[in-house]
Amino acid sequence: MSTLLRTPASVVWLVLVGATAVSWTLGTDNGLGPDTQRLAGIAILAIAFVKVRFIGLYFMELREAPSVLRGFFELYCAAVGTLVLALFLFAH
Amino acid sequence: MTTLVETESLSTPKRVPGEPGAWIFILGDMCVFAVFFSVYLVQRAHDPELFARSQEQLNRNLGALNTIFLLMSSLLVVLAVRAVRQDAHRHLAPYLFVGAIVCGVCFVVVKAFEYHEKIAAGITPETNSFFMYYFVLTGVHLFHLVFGMGVLSVLWRLAKHENPSGLHLAFIEGGACFWHMVDLLWIVLFPLLFLVR
Amino acid sequence: MARRIEMDTALMKAALWTGVALVAAMIVSQGILMHFIGPPSPNLTAQELAQKFIARKGEIRVGCLVMCMFWCFWATWSMAITIFIRKMEKGYPILTYCSIALNGGGYVFFILIPMTWAVIAYRPETLDPAIMQIMNDWVWFDYLFTWPPFAAWMAIIGLAILKDHNLPTLYPRWVAYLNFWCAILIFPAGLIVFFKTGPFAYDGVGAFWIPFFIFFGWMVTMTVTTFQAIARRRLTLEAELDAAIEAEPSPSAL
């Protein structure tokens with residue numbers, strides 16, 4: 001079993017759990033003022049898309065995939081991440 | 001001839017995880033959800049106070065708990081796929097897939113409880129715009145998750161073969177990637193609906 | 001003695017063309033004649049809705065006659081694909097029988113749609129608008145809320161393709177994954193019961209337009225790939241027949 005765990009994906013998993021804890025703390029602290037809340041929101045969303053990228057590269061094994069497939073996924077993370085952040089900040 | 005090519009290539013040969021066809025499905029679904037995320041944020045911008053107020057009534061702890069359940073299930077799926085590939089560990093794979101399914105069941109139970117909490121408090125998809133998106137987006141995700149659990153049960157069956165064929169392995173990898181997609185979508189949905197305001 | 005392959009390609013292709021006719025008839029009847037692509041808003045008052053039926057009652061009556069005729073072709077089109085499901089599965093034909101059952105019911109849901117519109121347009125001036133509203137709602141629920149048997153069949157097609165034991169396979173494997181995806185994508189049609197306005201009401205982009213384009217786009221894709229499957233299968237059957245004829249002892253050797 002330990003040989004199964006000896007893979008970069010396990011370390012990535014610990015990072016993902018840690019990032020979830022950070023996001024949850026930032027998201028549940030109700031004492032923040034509106035500007036700090038926005039900053040927290042930016043951080044939380046950015047963290048989310050970093051997590052998405054990790055899942056794709058290490059869990060879905062796209063690190064070893066042909067450039068077209070990996071490229072599309074990386075483009076998705078960058079484009080959708082940017083779009084989500086932009087809409088969060090600037091939509092009205 | 002082939003040995004020459006192998007020794008000259010220093011990096012691991014690139015391969016598509018699963019089958020190319022599966023990626024039409026996975027990437028396509030991710031794009032559909034990207035549209036959902038965008039539509040939600042545009043609607044939120046029309047009435048940010050309503051959305052922020054309504055969001056306060058969501059149970060963030062249950063949402064975070066569900067995130068942990070899905071992350072655990074994804075790890076189990078990663079380990080299961082690794083196990084299937086190694087003769088020495090293949091016998092562990094079915095148990096690992098079952099573990100992932102159990103995590104999925106936990107997610108469904110928590111979600112059912114969460115929905116029940118809302119409905120008992122008089123909050124339904126028709127209450128307001130925010131709650132429509134909350135119920136619909138988490139509902140569509142839940143549908144994917146249940147479908148994913150069906151896929152995992154197929155993977156569990158395939159993992160019991162002593163000598164899985166190339167096609168079996170490709171399907172297992174593709175199915176695993178679908179499950180990771182379900183996890184990945186929740187990783188965005190949870191902060192989007194529950195945390196950011 | 002002339003021998004023929006056991007597949008009548010002309011009839012198989014005709015069955016597929018009936019599906020094309022179904023889609024064409026829908027565009028003409030439901031769209032051009034009746035103006036029902038997309039649906040009237042569920043939020044209209046009964047009076048406003050009644051007016052729509054009174055104003056276009058002639059077009060609706062004709063359109064429904066046409067649609068009723070062409071929409072029974074769901075049965076013939078789906079059976080062309082079901083024949084291949086039979087060829088893809090081994091042994092007891094569970095997937096085939098599920099397909100027949102699902103599609104045998106499917107065409108009923110299809111033709112109840114124009115039939116109901118025709119009934120509404122039969123006496124629209126004297127029929128109580130409240131009753132017309134219920135019947136119109138019923139039609140759109142028949143159109144959209146009944147997505148499950150179709151999604152179930154899409155999943156069965158996908159499953160059959162992945163389990164295809166033929167060499168070469170009758171369909172490329174990506175068609176299986178496309179079917180699974182389409183099955184999931186038409187799910188939002190089920191959300192119409194919760195909303196009278198917005199993207200998931202029965203005139204909304206999420207519950208009507210997306211499933212509508214997915215479903216008919218899927219029909220077109222399945223038609224094209226099944227034509228290709230017929231061509232592929234014909235080659236295989238002809239090769240098998242040639243080989244069988246070669247293997248037979250010639251009359252003079254007896």
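To keep things clear, this report deals only with the structure shown in the data block. (Residues numbered from 1 in each chain as written. Chains lettered and ligands numbered in written order. Predicted model: local features only at pLDDT ≥ 70, side-chain atom pairs only at ≥ 80, totals over all residues. Heavy atoms only, no water.)

## A closer look at the interface of chain C and chain B
1) Next: Residue-level contacts link 16 residues of chain C with 22 residues of chain B.
2) Next: For the pair chain C and chain B, the summed buried surface comes to about 1900 Å²; carbon and sulfur atoms form 82% of the total.
3) Next: Taken as a group, Y177(C), W181(C) and I184(C) account for 35% of the area that chain C buries against chain B, more than any other trio of residues on that side.
4) Next: Taken together, the links from chain C to chain B amount to one salt bridge.
5) Next: As a salt-bridge pair, R173(C) and E19(B) come within 2.4 Å of each other at their nearest N and O atoms.
6) Next: Run the count over chain C and chain B and you get three residue pairs in polar contact (both at pLDDT 80 or more). (Contact = heavy atoms within 4.5 Å. Buried area = accessible area lost by both parts, 1.4 Å probe. Salt bridge = Lys/Arg side-chain N within 4 Å of Asp/Glu carboxyl O. Polar contact = N/O pair within 3.5 Å; in protein donor to acceptor, adjacent residues only side chain to side chain.)

## Describing the pattern of salt bridges
1) Next: On inspection of all chains with the given rule, the structure shows 14 salt bridges over all chains.
2) Next: Among the ionic pairs, R85(B) bridges to E61(A), the shortest N-O distance being 2.8 Å. Residue R85(B) is found in helix α4 (residues 60–85), and its partner E61(A) is found in the loop between α3 (34–59) and α4 (67–90); the two belong to separate chains.
3) Next: Look at R85(B) and you get partly exposed, because its relative accessible area is 36%.
4) Next: Here the salt bridges do not stand alone but share partners, grouping E61(A), R15(B), R85(B) and E173(B) into one network. (Helix = DSSP H or I, 4+ residues; strand = E, 2+ residues; numbered from the N terminus. Buried < 20%, exposed > 50% of the residue type's maximum accessible area, 1.4 Å probe, protein only.)

## Digging into the nonpolar core
1) Next: In terms of nonpolar packing, the biggest core is built from 171 residues, with F37(B), F97(B), W74(C), W117(C), Y143(C), Y171(C) and W218(C) touching the most fellow members.
2) Next: Among the elements that take part in this core, helix α7 (residues 166–195) of chain B stands out by supplying 19 residues, more than any other.
3) Next: Those residues in contact with W218(C) that sit more than four places away from it in its chain are W74(C), W77(C), W153(C), M154(C), I157(C), N179(C) and C182(C). (Core = buried A, V, L, I, M, F, W, Y, C linked by side-chain atoms within 4.5 Å.)

## Side note on the interface of chain B and chain A
1) Next: Residue-level contacts link 50 residues of chain B with 46 residues of chain A.
2) Next: Taken over both partners, the interface formed by chain B and chain A buries close to 4200 Å², and the fraction arising from carbon and sulfur atoms is 75%.
3) Next: There are one salt bridge connecting chain B and chain A.
4) Next: The interface formed by chain B and chain A contains nine residue pairs in polar contact (both at pLDDT 80 or more).
5) Next: Of all elements in the fold, only α2 (20–46), α4 and α7 of chain B reach the threshold of two or more residues within the side of chain B that touches chain A.

## Digging into α7(B)
1) Next: Taking 1.5 Å as the rise per residue, α7(B) with 30 residues should run 44 Å; its terminal C-alpha atoms sit 43 Å apart, in good agreement.
2) Next: Counting buried positions over the 30 residues of α7(B) gives 26, a clear majority of the element. (Expected span 1.5 Å × (residues − 1).)

## Some details on the packing of aromatic side chains
Residue and element names in this part refer to chain B.
1) Next: A complete count under the given rule lists 62 aromatic pairs over all chains for this structure.
2) Next: Ring geometry for F190 and F194: centres 5.2 Å apart, planes at 50 degrees, overall tilted. Here F190 and its partner F194 are both found in helix α7, four residues apart, which amounts to about one turn of the helix.
3) Next: According to the relative accessible area criterion, F190 is buried, its value standing at 3%.
4) Next: When the ring centre of W156 is taken as origin, the NZ or CZ atom of K160, which lies over that ring, is 4.3 Å away. (Phe/Tyr/Trp six-rings, centres within 6.5 Å; stacked < 30°, edge-to-face > 60°. Lys NZ or Arg CZ within 6 Å of the ring centre and 35° of its normal.)

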